[in-house]
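Tertiary structure, described
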Amino acid sequence: MFINFESDKPIFLQIAEGLEDAILAGAFAEESQIPSITEFSVSFKINPATALKGITLLVDEGVLYKKRGIGMFVASCAVEKLRRKRKEQFYDNYVSGLVTEAKRLGLTEFEIKAMIERGFKINDRD
Amino acid sequence: MIEIRSINKSYGKLRALDNICLRFEENKIYGLLGRNGAGKTTMLNIITGRVFADSGEVLMDGNPIPENDQALQQLYLTSEKTLYPENMKVKDALKWSKQFYPEFDIEYAQKIATQFGLDTGKRIKSLSTGYTSIFKLIIALSVNTPYILFDEPVLGLDANNRELFYKLLIEKFSNQPFTAIISTHLIEEVSSVIDHIVIIKDGCIIRDESCEELLSKGYTVSGTAAKIDAYICGKDVLGIDSLGGLKTVYILGNIDADIPEGIEVTKLNLQKLYIQLTNL
Amino acid sequence: MNLKAAYKYQLTDHTKSVIIYYCVIVVLFALLSIATVNYSTGGSMISGMDSITVVFLFIVGLCTFREPFVMLLQNGFSRKSIFKSRLLVACTVVLIMAAIDKVILLLGKALSMSSSNSSFLSLYEQVYPASTAHVSPFLFHLNIFVFDLLMYFTFLAIGYLITLIFYRLNKAGKIAVGAGVPIFFCLIFPIFDYAFFGSGISRAFANFFDSIMGISAGNPYAAMLSFIVISVIISALSWLLMRRAVIKL
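Cut-offs applied
- Residues numbered from 1 in each chain as written.
- Chains lettered and ligands numbered in written order.
- Predicted model: local features only at pLDDT ≥ 70, side-chain atom pairs only at ≥ 80, totals over all residues.
- Heavy atoms only, no water.
- Contact = heavy atoms within 4.5 Å.
- Buried area = accessible area lost by both parts, 1.4 Å probe.
- Salt bridge = Lys/Arg side-chain N within 4 Å of Asp/Glu carboxyl O.
- Polar contact = N/O pair within 3.5 Å; in protein donor to acceptor, adjacent residues only side chain to side chain.
- Helix = DSSP H or I, 4+ residues; strand = E, 2+ residues; numbered from the N terminus.
- Nonpolar A, V, L, I, M, F, W, Y, C, P; charged D, E, K, R; others polar.
- Pairing = 2+ DSSP bridges.
- Axes fitted to C-alpha atoms, helices over the stretch in contact; angles between N-to-C directions.
- Phe/Tyr/Trp six-rings, centres within 6.5 Å; stacked < 30°, edge-to-face > 60°.
- Buried < 20%, exposed > 50% of the residue type's maximum accessible area, 1.4 Å probe, protein only.
- Lys NZ or Arg CZ within 6 Å of the ring centre and 35° of its normal.
- Arc of directions from axis to C-beta.
- Parallel < 35°, antiparallel > 145°, perpendicular 65-115°, else oblique.
- Left-handed = near helix turned anticlockwise from the far one by under 90°.
- Domains from an automatic or database assignment.
- Core = buried A, V, L, I, M, F, W, Y, C linked by side-chain atoms within 4.5 Å.

So, about the interface of chain C and chain B. On the side of chain B, 26 residues touch chain C, which itself brings 28 residues to the contact. Overall, the association of chain C and chain B removes approximately 2,500 Å² of surface from exposure, summing both partners, and the carbon and sulfur fraction of that is 56%. Where chain C touches chain B, the interface holds one salt bridge. When the shortest N-O distance is used, the salt bridge between Arg 79 of chain C and Glu 67 of chain B registers 3.1 Å. In this structure, the connection of chain C to chain B is made through 14 residue pairs in polar contact (both at pLDDT 80 or more). Those elements giving two or more residues to the side of chain C that touches chain B turn out to be helix 1 (3–39), helix 3 (66–74), helix 4 (79–114) and helix 9 (220–243) of chain C. In terms of residue count, helix 3 of chain C provides more of the side of chain C that touches chain B than any other element does, six residues in total.

Take a look at the structure:
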């Protein structure tokens, strides 16, 4: 996980997204405990309130849950939930920007499709 | 809670503090930001009763702080100027701190001194600038008073020790919250740590709000000079950066719902905002 | 309140210098005694041990304001507490030193008794020779003790006040007072007094000093009372100056 302090994105969102990535990548398995607020804030040198805010975001979404007196855990259906959410965001996060930039450069729809195909091929080979 | 009510302070003709009103609530980390000579140190010295204000009041939970032992014992200020006897050894300073502040954790102090690489057998006068700062930070982090005030805490510290300081500060704060006031001109280092930001310029408070609030109030637009000039008309402009035909403008206020074509909007980061606010 | 810590801190500050002082004194007296026994042909007299202590305490007073003051402000003490604990420390130091000097005096007297041609006198005995004759030994020694005690306190307080005055002054004031006061008393005042009053003012001062110290009258109790009055005035002035003293930036 990495926090970019120069980024326009608020730190608590970066924390939440970083955790999501980690869960999607399997770094934190479902039903396993995640680091405490203190550990987060100390290792990233951020205010505990900011870390709490990021984590609360995921608790509200049902990705994490709290066991009283023990700590934060990854929910059993977290990966599924996150995938669904990320799929929904895929268009906004990637496609719309891609189309805007393509237009600015004068790339056609056909050319873009070809690029995407190429990208898939290379990725499959790796 | 510490409350500052209309404090004024002049040094000769210089108005060091001009009608300052502030509140420091419990268990929050405050960033007291301002350029050199803005009045940060004077304010901290007035809060801790080391210097007297010309007029105004400083209260802790409603009681005046100056000359009030009970209130003064709740505060610890690490001053830029070393007030410990030069000939005293660091370990003796720690021992005395325990005498003065019953909550002082001498074992913790020794532990973090080792982490910082400070030899407690040394005399205070023999410490370098960086280690003099570290020495004061060690006491501040171990003193366990409800209010800890840091005046330029990382003066002369190298990158590793700065990082260690912020880590220890957050660790301490997470385990046992207290009110911290960090006076600095290095916003990039504290922006992620502080809850609340107070910006002081030429003895006046120009911003006093939570970091989030402040950030939500400003934004940056960039684009061609013509388009930008048209857009910013009538807006509260903090500052302008020009590069050839391109312009970047820092604006205070809420982002408009409809942004004209060709203008890119980004959020303001704290550092940019601060620099724009405190520019002369 | 946490007065005890402030007291302890300031007392510790003094301990070292007091110990060093007495080490030097003991060595000095030992050397003097050896010298007298071996080389002196006539009678000898060691006297005024307490006047050395007075000078020492005056210097101690000059040196002990700034460091503890800023240290205690750093550590959450009010000026009031610093002043109170300082007074207690001054009393303690003076009491201890008067007692030690007393012991040294008694020892010195006992030693000098064995050789008929030497004597060991206190300042008190030198200034008030008449008053030592008709009192019981106990009262005699008690008088010396109280006299020393009050005199020590007065000089310690004067030294402290002088430093406080200098601390409160700005740079220009320091130079003005530092140079002006000696020039006034050593040069301007004597010339002025001599030229216009035929040294009448100086004489009046000398008479005044003589009468408050009870020197001609041979009355040590007048001096004791004067020391008390002077100490109270000096301490009050010190408090007025400390009340508004700040940490210089």
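Within the element layout of this structure, Tyr 101 of chain B appears in the loop between helix 3 (90–100) and helix 4 (106–116). Between the C-alpha atom of Tyr 101 of chain B and that of Ser 142 of chain B, which follows or precedes it by 41 residues, the distance is 9.9 Å. Apart from residues lying up to four places away in sequence, Tyr 101 of chain B is in contact with Gln 73, Leu 75, Tyr 76, Val 143 and Thr 145 of chain B together with Gln 74, Asn 75 and Gly 76 of chain C.

All right, on to the interface of chain A and chain B then. Across the contact, 16 residues belong to chain A and 18 residues belong to chain B. Contact between chain A and chain B buries roughly 1,400 Å² in total, counting both sides, with carbon and sulfur atoms accounting for 53%. The three residues of chain A that bury the most area against chain B are Asp 8, Lys 45 and Asn 47 of chain A, which together make up 42% of that side's buried surface. The tally of links between chain A and chain B comes to two salt bridges. Looking at side-chain class alone, the side of chain A that touches chain B contains seven nonpolar, five polar and four charged residues.

Residue and element names in this part refer to chain B. The four strands lie next to each other as 12-13-11-14, forming an open sheet whose pairing is antiparallel. The two strands at the open ends of the sheet, each matched to only one other strand, are strand 12 (236–243) and strand 14 (264–267). Averaged over all pairs of adjacent strands, the angle between their axes in this sheet comes to 20°, without regard to strand direction. Note that strand 12 and strand 13 (residues 246–252) share seven bridges and pair antiparallel.

Taken as a whole and judged by the stated rule, the model has 30 aromatic pairs over all chains. Relative to Tyr 101 of chain B, the ring of Tyr 76 of chain B lies with its centre 5.8 Å away and its plane at 75°, an arrangement referred to as edge-to-face. Note that Tyr 76 of chain B is positioned in strand 6 (residues 75–78) and Tyr 101 of chain B in the loop between helix 3 and helix 4, a separation of 25 residues in sequence. The two residues Tyr 76 of chain B and Tyr 101 of chain B agree in class, both being buried. Between Phe 100 of chain B and Phe 77 of chain C the ring centres are 5.3 Å apart and the planes differ by 80°, which places this aromatic pair in the edge-to-face class. Here Phe 77 of chain C lies in the loop between helix 3 and helix 4 and Phe 100 of chain B lies in helix 3, a pairing that spans two chains. Assessed through its relative accessible area of 0%, Phe 100 of chain B is described here as buried. Feature note: the residues Trp 96 and Phe 100 of chain B together with Tyr 9 and Phe 77 of chain C constitute an aromatic cluster, connected by ring pairs. We note Lys 67 of chain A situated over the ring of Phe 73 of chain A; from NZ or CZ to the ring centre the distance is 4.1 Å. Across the ring face of Tyr 231 of chain B, the terminal group of Lys 235 of chain B is positioned such that the distance to the ring centre comes to 4.2 Å.

This paragraph deals with helix 3 of chain B. Residues separated by three or four positions in an α-helix point in the same direction, a consequence of the helix having 3.6 residues per turn. Listing the buried residues of helix 3 of chain B in full gives Val 90, Ala 93, Leu 94, Trp 96, Ser 97 and Phe 100 of chain B. The buried residues of helix 3 of chain B all sit within an arc of 165° when viewed along its axis, so they share a single face.

Two elements in contact, helix 2 (residues 37–44) of chain A and helix 6 (residues 159–175) of chain B, have axes whose closest approach is 8 Å; the angle formed by their N-to-C orientations is 160°. As judged from the angle between their axes, helix 2 of chain A and helix 6 of chain B are roughly antiparallel. Crossing angle aside, the handedness with which helix 2 of chain A passes helix 6 of chain B is right-handed. In contact with Thr 38, Ser 41, Val 42 and Ser 43 of chain A of helix 2 of chain A, helix 6 of chain B contributes Lys 167, Ile 170, Glu 171, Ser 174 and Asn 175 of chain B. Its residues assigned to classes, the contact of helix 2 of chain A with helix 6 of chain B comprises two nonpolar, five polar and two charged.

Our next topic: the pairing of strand 1 (residues 2–11) of chain B. All names here are of chain B. In terms of strand pairing, strand 1 meets strand 4 (residues 55–60) through five bridges, oriented antiparallel. Within strand 4, the position partnered with Glu 3 by the bridge is Leu 59. Summarising the sheet, strand 1 and strand 2 (residues 14–24) pair through seven bridges and their orientation is antiparallel. Along strand 2, the bridge assignment pairs Ile 7 with Ile 20. Counted between consecutive antiparallel strands, the loop separating strand 1 from strand 2 contains two residues, among which Gly 12 sits at a positive phi close to 60°.

For the rest of this paragraph, the subject is the sheet that holds strand 4 of chain B. Residues and elements named next belong to chain B. Here we have four strands laid out as an open sheet, ordered 2-1-4-5, and antiparallel in their pairing. In this open sheet, the two strands that pair with only one neighbour each are strand 2 and strand 5 (63–64). Packing against the sheet, helix 1 (residues 40–47) makes contact with strand 1, strand 2 and strand 4, and its axis sits at approximately 60° to strand 2.

As a further point, take the domain arrangement of chain A. Residues and elements named next belong to chain A. Examined at the domain level, chain A breaks down into domain 1 (11–78) and domain 2 (79–125). Relative to domain 2, the C-alpha centre of domain 1 lies at a distance of 28 Å. Between domain 1 and domain 2, the contact holds eleven residues from the first and seven residues from the second. Summed over both partners, the interface of domain 1 with domain 2 comes to about 880 Å²; 52% of that surface belongs to carbon and sulfur atoms. The tally of links between domain 1 and domain 2 comes to four salt bridges.

Within the structure shown, the criterion is met by 22 salt bridges over all chains. For Glu 109 of chain A, the salt bridge is made with Lys 113 of chain A, and the minimal N-O distance between the two is 3.2 Å. Residue Glu 109 of chain A and its partner Lys 113 of chain A are both found in helix 5 (residues 109–125); the two are separated by four residues, about one turn of the helix. Look at Glu 109 of chain A and you get exposed, because its relative accessible area is 58%. Overall, Lys 113 of chain A belongs to the partly exposed group, its relative accessible area being 49%. Between Lys 28 of chain B and Glu 25 of chain B there is a salt bridge whose closest N-O contact spans 3.5 Å. Each of Glu 20, Asp 21, Glu 61, Lys 85 and Arg 86 of chain A takes part in a single network of salt bridges with overlapping partners.

Moving on, we come to the nonpolar core. Ranked by internal contacts, the top residues of the largest apolar core, which has 77 residues, are Phe 100, Phe 135, Ile 138, Phe 150, Phe 165 and Ile 197 of chain B together with Phe 69 of chain C. Each of domain 1 (2–202) and domain 2 (214–278) of chain B contributes no fewer than three residues to this core. Beyond its immediate stretch of four places on either side in the chain, Ile 138 of chain B contacts Leu 94, Ala 109, Ile 112, Ala 113, Phe 116 and Leu 118 of chain B. Core analysis: the second largest hydrophobic core is formed by 38 residues, Phe 56, Met 97, Phe 120 and Phe 153 of chain C among them.

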